[in-house]
Amino acid sequence: MNIKRALGFSVIIYIISLIFGIIFSSAAGMDPSNIQSAPIWLLVFAAIVTVIILIVFEYLYFKKQKPSAKEGLLFGIVVLVVGFILDAIFFTSYAAATGTPMDLIGTYSSP
């Protein structure tokens, strides 16, 4: 596994998903500080778009890497870990900058 390549792709996937999430939530008129108030259709749509983004970048990742179940699993784990870390960084930074209390675990556990 090429860890540098996997980390780079993970950050790109996160940024693109974040941009799409901001666009979709703004179009729906949602308050970005309260994800629990998001309508279910928006969450489902965002999940579908994220999966499509992941599939596209997984295809690009495996153009230079021999695909296997092990490599796919490792790449998926790297994407998840990077996503969790970046979420934690952004959530704590936003909460500190705005003084708004945010619950990262509550966000993940809410539908």
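Anyway, here's the lowdown on the structure attached to this text. Keep in mind the model is a prediction, meaning the values are calculated, not measured. (Residues numbered from 1 in each chain as written. Predicted model: local features only at pLDDT ≥ 70, side-chain atom pairs only at ≥ 80, totals over all residues. Heavy atoms only, no water.)

**Brief notes about helix H1 (residues 3-27)**
Argument step 1. Compared with the 36 Å implied by 1.5 Å per residue over 25 residues, the 36 Å span of H1 between its first and last C-alpha is a close match.
Argument step 2. Along H1, the residues classified as buried are Arg5, Ala6, Phe9, Ser10, Ile13, Tyr14, Ser17, Phe24 and Ser25.
Argument step 3. At its buried positions, H1 is contacted by helix H2 (40-61) and helix H3 (69-98).
Argument step 4. In the stretch just after H1, glycine 29 is the one whose phi turns positive, near 75 degrees. (Helix = DSSP H or I, 4+ residues; strand = E, 2+ residues; numbered from the N terminus. Expected span 1.5 Å × (residues − 1). Buried < 20%, exposed > 50% of the residue type's maximum accessible area, 1.4 Å probe, protein only. Contact = heavy atoms within 4.5 Å.)

**Regarding the packing of H1 against H2**
Argument step 1. At a minimum axis distance of 10 Å, the contact between H1 and H2 shows a crossing angle of 155 degrees. On the basis of their axis angle, the class for H1 and H2 is roughly antiparallel. The hand of the H1/H2 crossing is right-handed. Side by side, H1 and H2 meet where Arg5, Ala6, Phe9, Ile12, Ile13, Ile16, Ser17, Phe20, Phe24 and Ser25 of the first sit next to Leu42, Phe45, Val49, Thr50, Ile53, Leu54, Phe57, Leu60 and Tyr61 of the second.
Argument step 2. For the contact of H1 with H2, the class distribution of residues is 15 nonpolar, three polar and one charged. (Axes fitted to C-alpha atoms, helices over the stretch in contact; angles between N-to-C directions. Parallel < 35°, antiparallel > 145°, perpendicular 65-115°, else oblique. Left-handed = near helix turned anticlockwise from the far one by under 90°. Nonpolar A, V, L, I, M, F, W, Y, C, P; charged D, E, K, R; others polar.)

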